[in-house]
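Here is what each chain is made of, one letter per residue.
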Amino acid sequence: MPEQDAHGNRASVDVRVPSSARIYDYLLGGKDNFPADRAAAEELKTVAPDIAEHARANRRFVCTAVRIAAEAGIRQFVDLGTGIPTSPNVHEVARSVHPAARTVYVDNDPIVSAHNRAWRSRQDGIGCIEADIRDPEPLLAHPELTGLIDPGEPVAVLMTAVLHFTENAEMIAGTFRAWMASGSVLVISVGTSENPPDRQRSQFADVFDRTTAQVVARTRQEIEALFDGLELLEPGVVETDRWRNPNGRSFPAKTLAGVGRKP
């Protein structure tokens, strides 16, 4: 019998297999996770004891980037690989600046999508697509996206803490860079293969090999190439917690982040 999440929703996936979205939810203090997710997260903590703080740093980056995009006049947002909603979520930050801002959430996890559909049912201007971002062309033609997002106007596209779970990050980023109108921004945070000891990278990979998503870490040069043709906002591609955060710190398991604007 399928297990249930914290809201009593029946899971349509094998919850005995850890999910990267639910591991992230647990690290952020959420309740929408299962024993297998919590066990995997605790195993990750033995490799990187500050991984929960690292996850919170990524959320700070997301909120900062969304606010900056909204303050620059962007009123539409596409969040790819959303993970289980964590308040403040993208639409909440955007609407604190523009109350009518529109947001489309995309994830291939049925449990994540159930949460995103709940947002959509309560508020206008929020879309939810259950799809795999590794196949972006059908996603861009999806009526949920085309009904809310005007590709002729600036849009903020978020790919945060998701591209290290795919081998074709370059294709995904390139497809969205070509689709975005001038003045749009691309927001990325992604794990890097640089700096962590080989043993730590191997242990991380071992844990995620048993989940629904395997890790593909990239070099700094590969991550910077994801912004090809865009103008990087200051301070460029830096460690996630140090992006416009004067009190940011460095973590053993490193994630690099940046925001690029299409000229």
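Residues numbered from 1 in each chain as written. Predicted model: local features only at pLDDT ≥ 70, side-chain atom pairs only at ≥ 80, totals over all residues. Heavy atoms only, no water.

## Some words on the overall build of the chain
1) Next: When you go through the chain residue by residue, the secondary structure sums to 10 helices and 8 strands.
2) Next: Counting all 263 residues of the chain, 54% fall into the buried class.
3) Next: Pairs at least 24 residues apart make up 71% of the contacts formed inside the chain by residues separated by at least 6 positions.
4) Next: Accessible surface, the chain as shown: approximately 11400 Å² in total, 49% of it carbon and sulfur. (Helix = DSSP H or I, 4+ residues; strand = E, 2+ residues; numbered from the N terminus. Buried < 20%, exposed > 50% of the residue type's maximum accessible area, 1.4 Å probe, protein only. Contact = heavy atoms within 4.5 Å. Areas by Shrake-Rupley, 256 points an atom, 1.4 Å probe, with all protein chains shown as cover.)

## Let's talk about the pattern of salt bridges
1) Next: Here the structure, examined in full by the defined rule, presents 10 salt bridges.
2) Next: Note that Asp37 and Arg22 form a salt bridge whose closest N and O atoms lie 2.7 Å from each other. Linking Asp37 in helix H2 (residues 35–47) with Arg22 in helix H1 (residues 20–27), this pair joins segments that are 15 residues apart in sequence.
3) Next: A relative accessible area of 0% means that Asp37 is categorised as buried.
4) Next: Between Arg60 and Asp241 there is a salt bridge, with its nearest N and O atoms 2.8 Å apart. Here Asp241 lies in the loop between strand E7 (238–239) and strand E8 (255–261) and Arg60 lies in helix H3 (residues 51–71), a separation of 181 residues in the sequence.
5) Next: Overall, the relative accessible area of 5% leaves Asp241 in the buried class.
6) Next: The network of salt bridges with common partners includes Arg22, Asp37 and Asp109. (Salt bridge = Lys/Arg side-chain N within 4 Å of Asp/Glu carboxyl O.)

## Things to note about the confidence of the model for the chain
1) Next: Here the chain averages 87 in pLDDT, and 87% of its residues register 70 or above.
2) Next: Per-element mean pLDDT across the chain ranges from 66 in helix H9 (residues 198–208) up to 98 in strand E6 (residues 231–232).
3) Next: Contacts for the low-pLDDT stretch residues 1–11, under 50 throughout, to residues beyond four places or in other chains number 22 contacts. (pLDDT = per-residue confidence, 0-100.)

## Topic: the nonpolar core
Soluble, globular proteins show a tendency: their nonpolar side chains are buried together.
1) Next: Of all hydrophobic cores here, the largest spans 31 residues; its most connected members are Leu80, Val157, Met159, Leu163, Phe176 and Trp179.
2) Next: Of all elements in the fold, only strand E1 (76–80), strand E2 (102–107), helix H6 (136–140), strand E4 (156–160), helix H8 (169–179) and strand E5 (185–191) reach the threshold of two or more residues within this core.
3) Next: The element that contributes the greatest number of residues to this core is H8, accounting for 5 residues.
4) Next: Ignoring anything within four residues of it in the chain, the contact list for Met159 reads Leu80, Ile172, Ala173, Phe176, Leu186, Val187, Ile188 and Ser189.
5) Next: By size, the runner-up hydrophobic cluster in this structure holds 24 residues, among which are Ala70, Ala156, Val185 and Ala257. (Core = buried A, V, L, I, M, F, W, Y, C linked by side-chain atoms within 4.5 Å.)

## Observations regarding the environment of His54
1) Next: Checked against the element boundaries, His54 lands in helix H3.
2) Next: The buried category is assigned to His54, whose relative accessible area is 11%.
3) Next: For the pair His54 and Ser250, spaced 196 residues apart in the sequence, the C-alpha separation amounts to 9.0 Å.

## What to know about the pairing of strand E3 (residues 126–130)
1) Next: Counting buried positions along E3 yields 4 of 5 residues, so the element is predominantly enclosed.
2) Next: Relative to E3, E2 runs parallel, the two being bridged by 5 bridges. Residue Val106 lies in a different strand from E3, and its bridge partner there is Ile129. (Pairing = 2+ DSSP bridges.)

## Brief notes about the side chain of Thr160
1) Next: Its location among the elements puts Thr160 in strand E4.
2) Next: For Thr160, a relative accessible area of 8% puts it in the buried group.
3) Next: Contacts of Thr160, omitting those with residues within four sequence positions, involve Asn58, Phe61, Val62, Leu80, Gly81, Val187 and Ser189.

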